[in-house]
Protein chains: 2
Amino acid sequence: MFSEGLILLRAPLDVSQAEGSHLSGSTLRPEELPEIRHLHLFRDMTQASFEALMASSYAQNFPQGLDIIRQGDPADFLHIVVEGSVELFAQWSGRECTMAVVQPVSTFILAASIRDAPYLMSARTLERTRIILVPAADLRAMFRRDTEFAVSVITELAACYRSVVRSAKSLKLRNSRERVASYLLRQSMLAGGATSYTLPVEKRLIASYLGMTPENLSRTLRMLEADGVKMDGARVIITDREKLTTLAQPDKLIDGPDAIADANGSDLPGASG
Amino acid sequence: MFSEGLILLRAPLDVSQAEGSHLSGSTLRPEELPEIRHLHLFRDMTQASFEALMASSYAQNFPQGLDIIRQGDPADFLHIVVEGSVELFAQWSGRECTMAVVQPVSTFILAASIRDAPYLMSARTLERTRIILVPAADLRAMFRRDTEFAVSVITELAACYRSVVRSAKSLKLRNSRERVASYLLRQSMLAGGATSYTLPVEKRLIASYLGMTPENLSRTLRMLEADGVKMDGARVIITDREKLTTLAQPDKLIDGPDAIADANGSDLPGASG
DNA sequence: CCAGGACTTTGATCTCGATCAAATTTTTTC
DNA sequence: GAAAAAATTTGATCGAGATCAAAGTCCTGG
C-alpha cells in the first residue's frame, strides 16, 4: 500500500530535483497569470498587490511521482498547481492516507504558510506538474497591506476549514458504502449532474481518501450495482439516481452545494494545508 | 446513544429559551471583558474596535442540556463561552457524533459566522453555560476596518483548520487503541505533563470524539492497563509513561505541541465552526 | 509491440470494533 | 436521602471492513 523509494526533497527551492534541462525555478508564463488572478484568493486584491506577489513568485516543473513536500518541513511557500495534479497525504507510523488531490488551477497549504508552521501533510505529484511558488513571507506581508486580500484569505481559510469539517463528518457518520455512494453522487454533481462521467483520479486514491482499502472500494462498487450505479473501468454510470440518492442521503452540510463550489479544482476537497 | 426530546431553538436571539427570570439577553459583565480581550482573536485589535464589537454583543445564560445551535441554521453570531461548556456535534441520518467540546474562555463557529453560511455543526450545553454572542455582521465589518483584527482572524482560522486536519489524520491513520493512548498522553500534556489527572469531559463524549463507542472505549482503557495507564473512574494515572508513549507514538504533527497551544479552552480540539 | 510494473478485482479468512443485553456505578432529582 | 435517570462497565455475539493471496487488467517505456 505504501509507495517506497521516496525521493526526498527538503524544500521546493531545491531546484536540483526539478525536471528539465532549463533551470526550472523559472519565471511565470504570461498566460498563467490570468488563471491565477481569477482564483477567489487573488480575485479581489489590487492589481499592484497581485503583480507584486507574482513578481516574487516563481514556477517549477516536477516529473510524475515526485515528493514535493514532506510533512513536518517548514512551510515557506504557498503552492499553486497550474498543470498536472498533486496528492496531499498524511503519514504516521509507517502508514499513509490520501487527504486530497489538487488539480489546476488551485492553491494548497495556505494555512501552513500563513502560520509559518510545519506542513501537516506531504505532497507528491501524480503526473508531470507545474507549480507556482509564492513565498509565505510575501503573502503574510501582503495581507497586512491589502485589506481586500486579507478578506479573501479569511474567506478562503474559512471555506477550507468547512471543507475539512465536512470530510470529517462524512468519515465519522457514514459507513463505507454510504461514503462511496455519496462520493459518486458528488462527483456527478461536479460533472454538471451528469449521468455518466469518468472518475477524476485513480481508485486507490479515492479509496484512501474515503478511509478504506482499494479492495473494499472495489467490492463496494460492485455491490452498488444493486443500488443504481454501474462501473465500467473508471467510468461511472448512474443507472438509477433515485435509488442511489436514497442510499447516499446526500446532505447539503456534508456534500455541498457549498462543498462543491468551495472545492475549486480539488477533486478530493480540503486543500488548505 | 442519541439524546432525544431536543428543545429546538431557531437562533440564540430567541430569548424565551434562555434561563432565569431576568431577561437573559443581557449586557456583558465587566469582569468578563478582560478575559475575552485576552483571547488571541481579540488581543491585537485596537481598544476602540474591541469596545465597538463588545458593545454590539450580548450575553445569554443557558441551562444544561439545551441545544443552542442546530446545524443548517444561518450563522448569525460568533459564540464565546465564558462559563460552563458546550458540545459541538454533527448529525446525519439519525446518527450523531461529537466534534469538539468548548470550554471557557474560547470562541466557536468562527468560520461559519465569517462565511455567512449555515452552521455545519450543532451545539448543546453540557452544563449551565454563559455565552457571549457577537453579531457576525459586525465581525465581518470589523476586520475590514481593523487590520490587526483581520490578521488575528486569519491566524485563528488557520489554526482551527490545522486542528481539524490533525484530528482527521488521527482518525484515519490510527486504530482506536492508538487514538485513546495518544489522547491520554495529550491530556496529560495539557495538564502540564501530569502523571495523574482527571478527564475533562465524560467518557461517552471522548468515545464519540475519538470515533468509537463507549463500550469500546471502556474496554480499550481496561486493556491499556497493560501499557502503562490505570483508570480510577474519571481519574487517569500514568503508571509507565515510556510504555504508553511507545504504544501511542505521539506525533508533533498530530498531537501538538501546536495542537495543544491552539486548543485554547477546547478539550476536544477544533472549535471553529 | 512487447515486457514489466502498477492498478484493480476476486476470493478466503480474520479481526477490530459494533451491537445487543444486562449489571453496576455515578449523578441527578424530588 | 431515597428513587430515578444517566453513565459506565462487562459479557456475548455479530459483522463490516482489513488483510493476505493470487489472478486479471491496464498502462507505460523501451
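Everything discussed here concerns the structure shown above.
Everything numeric here is computed off the predicted structure, so don't read it as measured data. (Residues numbered from 1 in each chain as written. Chains lettered and ligands numbered in written order. Predicted model: local features only at pLDDT ≥ 70, side-chain atom pairs only at ≥ 80, totals over all residues. Heavy atoms only, no water.)

Caption draft 1: Summary view of the overall build of chain A. Regarding its fold elements, chain A presents twelve helices and twelve strands. Considering chain A as a whole, with its 273 residues, one finds that 58% of them fall into the buried category. In chain A, the share of contacts with a sequence separation of at least 24, taken over all contacts with a separation of at least 6, comes to 77%. Accessible area of chain A: about 10700 Å², with a carbon and sulfur share of 52%. (Helix = DSSP H or I, 4+ residues; strand = E, 2+ residues; numbered from the N terminus. Buried < 20%, exposed > 50% of the residue type's maximum accessible area, 1.4 Å probe, protein only. Contact = heavy atoms within 4.5 Å. Areas by Shrake-Rupley, 256 points an atom, 1.4 Å probe, with all protein chains shown as cover.)

Caption draft 2: Molecular detail of the relation of the copies chain B and chain A. You can overlay chain B on chain A at an RMSD of 0.0 Å; the transform is a turn of 180° with a shift of 0.0 Å along its axis. Accordingly, the operation relating the two chain copies is best matched by a two-fold axis. Most of the interface of chain B is mirrored in chain A, where 100% of its interface residues are also at the interface. (Least-squares fit on C-alpha atoms with pLDDT ≥ 70 in both.)

Caption draft 3: Layout of the environment of Ser85 of chain B. Residues and elements named next belong to chain B. Examined against the element boundaries, Ser85 turns out to sit in the loop between strand S3 (77-83) and strand S4 (86-92). Ser85 sits 42 residues away from Arg43 along the chain, and the two C-alpha atoms are 22 Å apart. Those residues in contact with Ser85, other than ones at most four positions away along the chain, are Val101, Val102, Gln103, Arg124, Thr125, Leu126, Glu127 and Thr129. There is a polar contact of 2.6 Å between the side chain of Ser85 and the side chain of Glu127. (Polar contact = N/O pair within 3.5 Å; in protein donor to acceptor, adjacent residues only side chain to side chain.)

Caption draft 4: Structural detail: the nonpolar core. Grouped together as the largest cluster of nonpolar side chains are 124 residues, with contacts concentrated most on Ile36, Phe42 and Phe108 of chain A together with Phe42 and Phe108 of chain B. Ignoring any residue separated from it by four or fewer positions in sequence, one finds Phe42 of chain A in contact with Ile36, Arg37, Phe50, Leu53, Leu78, Ile80, Thr107 and Phe149 of chain A. (Core = buried A, V, L, I, M, F, W, Y, C linked by side-chain atoms within 4.5 Å.)

Caption draft 5: Structural context of the protein's contact with DNA strand C. Around DNA strand C, 15 residues are found, and the nearest of them are Lys203, Arg204, Arg219 and Arg222 of chain A together with Ser176 of chain B. The sugar-phosphate share of atoms of DNA strand C within 4 Å of the protein amounts to 68%. One of the side-chain nitrogen or oxygen atoms of Arg219 of chain A is found 2.8 Å away from a base nitrogen of DNA strand C. Elements supplying a minimum of two residues to the surface near DNA strand C: helix H8 (203-209) and helix H9 (214-223) of chain A together with helix H9 (214-223) of chain B. A per-class count over the surface near DNA strand C returns one nonpolar, six polar and eight charged. (Near = heavy atom within 4 Å. Nonpolar A, V, L, I, M, F, W, Y, C, P; charged D, E, K, R; others polar.)

Caption draft 6: A look at the pairing of strand S10 (residues 229-232) of chain A. All names here are of chain A. Only one face of S10 is buried: it carries Val229 and Met231, and the other face, with Lys230 and Asp232, is open. Pairing of S10 with strand S11 (residues 235-238), which is carried by four bridges, proceeds in the antiparallel orientation. From the neighbouring strand, Met231 faces S11, where its bridge partner is Val236. Where S10 hands over to S11, the hairpin turn is made up of two residues, of which Gly233 adopts a positive phi near 65°. (Pairing = 2+ DSSP bridges.)

Caption draft 7: Seen up close, the interface of chain B and chain A. Opposite the 60 residues of chain B that make contact, chain A presents 60 residues. Summed over both partners, the interface of chain B with chain A comes to about 5000 Å²; 68% of that surface belongs to carbon and sulfur atoms. Among the residues of chain B in contact with chain A, Trp92, Leu120 and Tyr161 of chain B are the three that bury the most area, contributing 18% of the side total. Counting the contacts that link chain B with chain A gives four salt bridges. (Buried area = accessible area lost by both parts, 1.4 Å probe. Salt bridge = Lys/Arg side-chain N within 4 Å of Asp/Glu carboxyl O.)

Caption draft 8: The protein's contact with DNA strand D, seen in detail. In the neighbourhood of DNA strand D, 15 residues make up the surrounding shell, with Ser176 of chain A together with Lys203, Arg204, Arg219 and Arg222 of chain B lying closest. In DNA strand D, atoms within 4 Å of the protein come from the sugar-phosphate backbone in 68% of cases. Measuring from a phosphate oxygen of DNA strand D, one finds a side-chain N or O atom of Asn216 of chain A at 3.1 Å. At 2.6 Å from a phosphate oxygen of DNA strand D is found a side-chain nitrogen or oxygen belonging to Lys203 of chain B. At the level of elements, H9 of chain A together with helix H8 (203-209) and H9 of chain B are the ones that each hand at least two residues to the surface near DNA strand D. Looking at which element gives the most residues to the surface near DNA strand D, the answer is H9 of chain B, with four residues. A breakdown of the residues in the surface near DNA strand D according to their chemical character gives one nonpolar, six polar and eight charged.

Caption draft 9: Summary view of the sheet that holds strand S3 (residues 77-83) of chain A. All names here are of chain A. If you trace the four strands from one edge of the open sheet to the other, you get S1-S8-S3-S6, paired in antiparallel fashion. This sheet does not close on itself; its edge strands, each paired only once, are strand S1 (58-62) and strand S6 (106-108). Between one strand axis and the next, the sheet turns through 30° on average, direction left out of account. For S1 and strand S8 (residues 129-135), the ladder comprises five bridges, and the chain directions are antiparallel. Bridge pairing links Ala59 to Ile132 in S8. Its contacts with the sheet place helix H5 (residues 136-145) against S3 and S8, and it is angled at close to 55° to S8. (Axes fitted to C-alpha atoms, helices over the stretch in contact; angles between N-to-C directions.)

Caption draft 10: Representation of the pattern of salt bridges in the model. Counted under the stated rule, the structure contains 26 salt bridges over all chains. Measuring nitrogen to oxygen at the nearest pair gives 3.9 Å for the salt bridge that ties Arg70 of chain A to Asp73 of chain A. Relative accessible area serves as the criterion here: at 9%, Asp73 of chain A is assigned to the buried category. A salt bridge links Glu83 of chain B to Arg29 of chain B, with the shortest nitrogen-to-oxygen separation between them at 2.6 Å.

Caption draft 11: Focus on helix H10 (residues 241-248) of chain A. Listed in full, the buried residues belonging to H10 of chain A are Leu244, Leu247 and Ala248 of chain A. Seen from one end, H10 of chain A has its buried residues packed into an arc of 90°, which puts them on one side. In H10 of chain A, the exposed positions angled more than 90 degrees off the buried face are occupied by Glu242 and Thr246 of chain A. On its buried side, H10 of chain A packs onto helix H7 (176-190), S10 and S11 of chain A together with S4 of chain B. A positive phi of about 40° marks Gln249 of chain A, the residue just after H10 of chain A. (Arc of directions from axis to C-beta.)

Caption draft 12: Looking closely at the environment of Ala181 of chain A. Residue and element names in this part refer to chain A. Mapped onto the elements, Ala181 comes out in helix H7. Residue Ala181 is classed as buried on the basis of its relative accessible area, which comes to 0%. Setting aside residues no more than four positions away along its own chain, Ala181 makes contact with Leu224, Leu244, Leu247 and Ala248.

Caption draft 13: Structural view of unusual backbone geometry. Of the consecutive residues Pro104 of chain A and Val105 of chain A, the connecting peptide bond is found in the cis state with omega at -20°. By the element assignment, Val105 of chain A lies in the loop between strand S5 (95-102) and S6. In the Ramachandran plot, Ser93 of chain B falls in the positive-phi region, its phi being about 50° despite a non-glycine side chain. On the secondary structure map, Ser93 of chain B appears in the loop between S4 and strand S5 (95-102). Within the chain, Asp116 of chain B stands out as a residue other than glycine whose phi angle is a positive 55°. With respect to the helices and strands, the residue Asp116 of chain B is situated in the loop between helix H4 (110-115) and strand S7 (122-125).

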